[in-house]
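Report on the structure
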Amino acid sequence: MRFMESTRESTRQHVRTQIQIIIVWVFLANAAVAVAKLVWGSQVGSLAMKADGYHSLLDALANVIGFVGVSAAHAPADEGHPYGHRKYETFAALAVAFLILHTAVQVFQEAWSGLFSAEKATPTAETLTVMTLTLVVNIVVTTLERRAGKRLKSDFLIADATHTLSDVFVSIGVLISLGLTMSGTTVLDPLVAMIIVAVIAWVGIDLLRHTV
């Protein structure tokens, strides 16, 4: 009996370590993507690109929350938690859902202000290159993280991959906006940011419904 319990505990620790390693790598990727978007978005005055950068920054914050949640979730069962601590990971996933909804509110506020602002974005070819590279990074991250989440049966990794997928949609919208802005259609920058709000909110509400 003790051998079986020891084996289960060893397996649980191994799974936790794997999940934590994945979260650390995803955090580093999200942080790098966020910095790139915020720096270049500020340089060219693109509201949509900066909003996308803040979204990626929240992705990185979600990774920190997830790391803490996963650490607690895989603690062994004790007297107060005879069935273990797995619900902590679900609570971490729930926190990600609220972060997504918070991001939607932030992007909406910035986009609404941008509609009436006299300042217009001035993107360059380098800006498009940066956005394209960050988009590729996000696609790779969400694909690998979702696969790992299913393999390790991790609620958080699956939820976080969904969050990163929303960033993919956002980045595609920003790329289109930047391209059209370069052609002279400057009003699309805040309008695309408005569309991004709807995408982020939909992902957040869907994730919240499944987590609850």
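Please read all numbers here as calculations on a predicted model, not as lab measurements. (Residues numbered from 1 in each chain as written. Predicted model: local features only at pLDDT ≥ 70, side-chain atom pairs only at ≥ 80, totals over all residues. Heavy atoms only, no water.)

**Some remarks on a nonpolar patch on the surface**
A cluster of nonpolar side chains, I21, V24, W25, F27, L28, L61, V64, F67 and V68, forms an exposed patch at the surface whose accessible area comes to about 820 Å². Counting residues per element, the nonpolar patch draws most heavily on helix α1 (residues 2-44), at 5 residues. Secondary-structure assignment places L28 in helix α1. Note on L28: relative accessible area 45%, which makes it partly exposed. (Patch = residues over 30% accessible without salt bridge, like charges linked within 9 Å, V, L, I, M, F, W, Y side chains within 5 Å. Areas by Shrake-Rupley, 256 points an atom, 1.4 Å probe, with all protein chains shown as cover. Salt bridge = Lys/Arg side-chain N within 4 Å of Asp/Glu carboxyl O. Helix = DSSP H or I, 4+ residues; strand = E, 2+ residues; numbered from the N terminus. Buried < 20%, exposed > 50% of the residue type's maximum accessible area, 1.4 Å probe, protein only.)

**So, the side chain of N138**
Mapped onto the fold, N138 is located in helix α4 (residues 125-152). N138 has contacts with N30, V33, K37, T164, D167, V168 and S171, leaving out every residue within four places of it along the chain. (Contact = heavy atoms within 4.5 Å.)

**Some details on the side chain of D167**
Tracing the backbone through its elements, the reader meets D167 in helix α5 (residues 155-182). A distance of 3.2 Å separates a polar atom in the side chain of D167 from a polar atom in the side chain of N138. Setting aside its immediate chain neighbours within four residues, D167 contacts K37, D52, H55, S56, D59 and N138. (Polar contact = N/O pair within 3.5 Å; in protein donor to acceptor, adjacent residues only side chain to side chain.)

**Some details on the nonpolar core**
V107, L157, V174, I196 and I200 are the most contacted members of the largest nonpolar core, which totals 42 residues. Those elements giving two or more residues to this core turn out to be α1, α2 (47-73), α3 (87-115), α4, α5 and α6 (188-211). Once residues lying within four places of it in the same chain are set aside, the contact partners of I196 are V107, V170 and V174. (Core = buried A, V, L, I, M, F, W, Y, C linked by side-chain atoms within 4.5 Å.)

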